Amino acid sequence: MSRPTVRPLACPNCGGQIALRAAGSTVSLICDHCGSTLDATGGELALVARAQAAMHRPQIALGSRGAVDGVLWEVVGYQERSDGDVDWSEYLLFNPYEGYAFLSDDGRRFSLGRLLAALPDSAWDGMELEGRRYKRFGHAYPVWTRFVVGEFYWRAHVGEHVTATDFVRPGTMLSCEESGTEVTWTRVDMLDWGVAERAFGIEPRRIDYSGTPAPHEPPPYRAAWRDALALGLLALAACLVIAIGTAGSQRVLQQQLTVPADERTHTAVLGPITVDGAREKVKIAARADGLDNQWLDLDYSLVNRATQESYDAYAAPERYHGRDSDGAWSEGETATDTGLASIPRGTYDLVVEAAAHRWTDPKAASTIVGIFGTGEPAPSASSIPLTVTVNRGGGFAGPFFLALLAIGAWPLIAFLRHASWEQRRLAPVTSGSDDHEDDDE
């Protein structure tokens, strides 16, 4: 500001000196010594009303200057307002070339409001200004002024009442205030954290998203959610490429064995099995289709011929059937697959220890019951054909799905934080309006 705008005057109530900063534009002036509301439209200050309560001191002192949005503003007035549920403060800013602006403080963040030179256009779900859509936020609500000090371009006073309606999009709000036949539209832009504090030299506020958001506050977690989703999709694509690339396997051994059904353990050594890769998966498949109310205990040991290092596994193909009050039944799988992960390069022998066991259904008709109640099982196969197949290479489905869970956890957490934020932001109006969701354009 290059020209002086401050004019010293005396309060007719207390005699204190008052600085009239926007001479020619100010309509009412509140003495910052006694709190009296004064009429500034004449040559001298006329007493309109006296303050009934102790003076409030705004956090940003009247007369403070600071650059916001590229304009050097001076604080000329201050008022505290309420809608009955939420209280906030407004600083009236003045620049001789830019006119007036409002610095709104909701206790968490500051917003800068400028009067609109042109009315916004009506839209089916709200208002439209400069090609951007603003959705209506709730219903119209009453606003009262609880305290004023400084100078204003209208007759500001305690108890002043208007009806406000808000239209929002992330970061910006159009606020319509009606008082009698007078209607004013203000565009309110939320300032970044610390902008107002640095401009007017007050203590910076801690960045905190745990409180109740303002209706036009930008979602702080939306960008994190979108980034997490994008990176998650990239990681998923990488996992799919790896899974497809490692899905192929090569058969290195297949051999037929016969396991006597005598409950004893029989051992067979199969090989050689060559692992060419640095570390590969080895899958052992066993198939015993001849099982009849029997099961096999199969203990595998993949033994390195050079180091005698052993990698052990277990499988149990089984097959049972019978009859009960509901009729015939059967269960069990005669084929099993067992995987050994990350087997080092080398030549191996597969040691198979197999034991066949019979199962007796005490309710089966084939059971022969003696005089003392003992039973004998129905005849079953005396030996069981067993086919053992060994493949190397390929991937595991379990780690792949674990990777999917790990990849999806971050986007899910980010989305839940974003959804929780939006729920809190919309909380004041969710029960009273259907037009409460902001526009993401």
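We now turn to the structure provided with this report. No experiment lies behind these values; they were computed from the predicted model shown. (Residues numbered from 1 in each chain as written. Predicted model: local features only at pLDDT ≥ 70, side-chain atom pairs only at ≥ 80, totals over all residues. Heavy atoms only, no water.)

## So, the pairing of strand β9 (residues 99–105)
For β9, the buried fraction is high: six of the seven residues fall into the buried class. Summarising the sheet, strand β8 (residues 87–95) and β9 pair through seven bridges and their orientation is antiparallel. Its bridge partner being in β9, L93 is matched across the sheet by A101. In this structure, the hairpin formed by β8 and β9 is closed by a connection of three residues. Bridge analysis of β9 against strand β10 (residues 110–115) gives four bridges, and the strand direction is antiparallel. If you follow L103 over to β10, its bridge partner there is L112. Hairpin connection from β9 to β10: four residues lie between these consecutive antiparallel strands, with G107 at a positive phi of about 95°. (Buried < 20%, exposed > 50% of the residue type's maximum accessible area, 1.4 Å probe, protein only. Helix = DSSP H or I, 4+ residues; strand = E, 2+ residues; numbered from the N terminus. Pairing = 2+ DSSP bridges.)

## A look at empty space enclosed by the protein
Applying the stated criterion across every chain yields a total of one cavity of 30 Å³ or more. Approximately 40 Å³ is the volume attributed to the largest cavity. In this structure, the largest cavity is lined by R108, R109, F110, L191, D192, W193, G194 and E197. Looking at the lining of the largest cavity residue by residue, the class counts come to three nonpolar, one polar and four charged. (1 Å grid on protein atoms, 1.4 Å probe; cavity = no way out; pocket = protein on both sides within 12 Å on 5 of 7 lines; lining within 4 Å. Points joined across faces, edges and corners; volume = space filled by probe spheres on them. Nonpolar A, V, L, I, M, F, W, Y, C, P; charged D, E, K, R; others polar.)

## Comments concerning the pattern of salt bridges
Taken as a whole and assessed by the stated rule, the structure comprises 17 salt bridges. A salt bridge links E217 to R108, with the nearest nitrogen and oxygen atoms 2.7 Å apart. On the criterion of sequence distance, the pair formed by E217 in the loop between α1 (195–200) and α2 (222–245) and R108 in the loop between β9 and β10 is long-range, its members being 109 residues apart. We note that E217, like R108, is buried. D349 is paired through a salt bridge with R305; the nearest N and O atoms lie 2.8 Å apart. Of this pair, D349 sits in strand β23 (residues 335–358) while R305 sits in the loop between β19 (294–304) and β20 (310–315), and the two are 44 residues apart along the sequence. A single network of salt bridges, built from pairs that share partners, joins R81, E90 and E177. (Salt bridge = Lys/Arg side-chain N within 4 Å of Asp/Glu carboxyl O.)

## Some points on the environment of C31
Note on placement: C31 falls in the loop between β3 (28–30) and β4 (37–39). For the pair C31 and G150, spaced 119 residues apart in the sequence, the C-alpha separation amounts to 6.6 Å.

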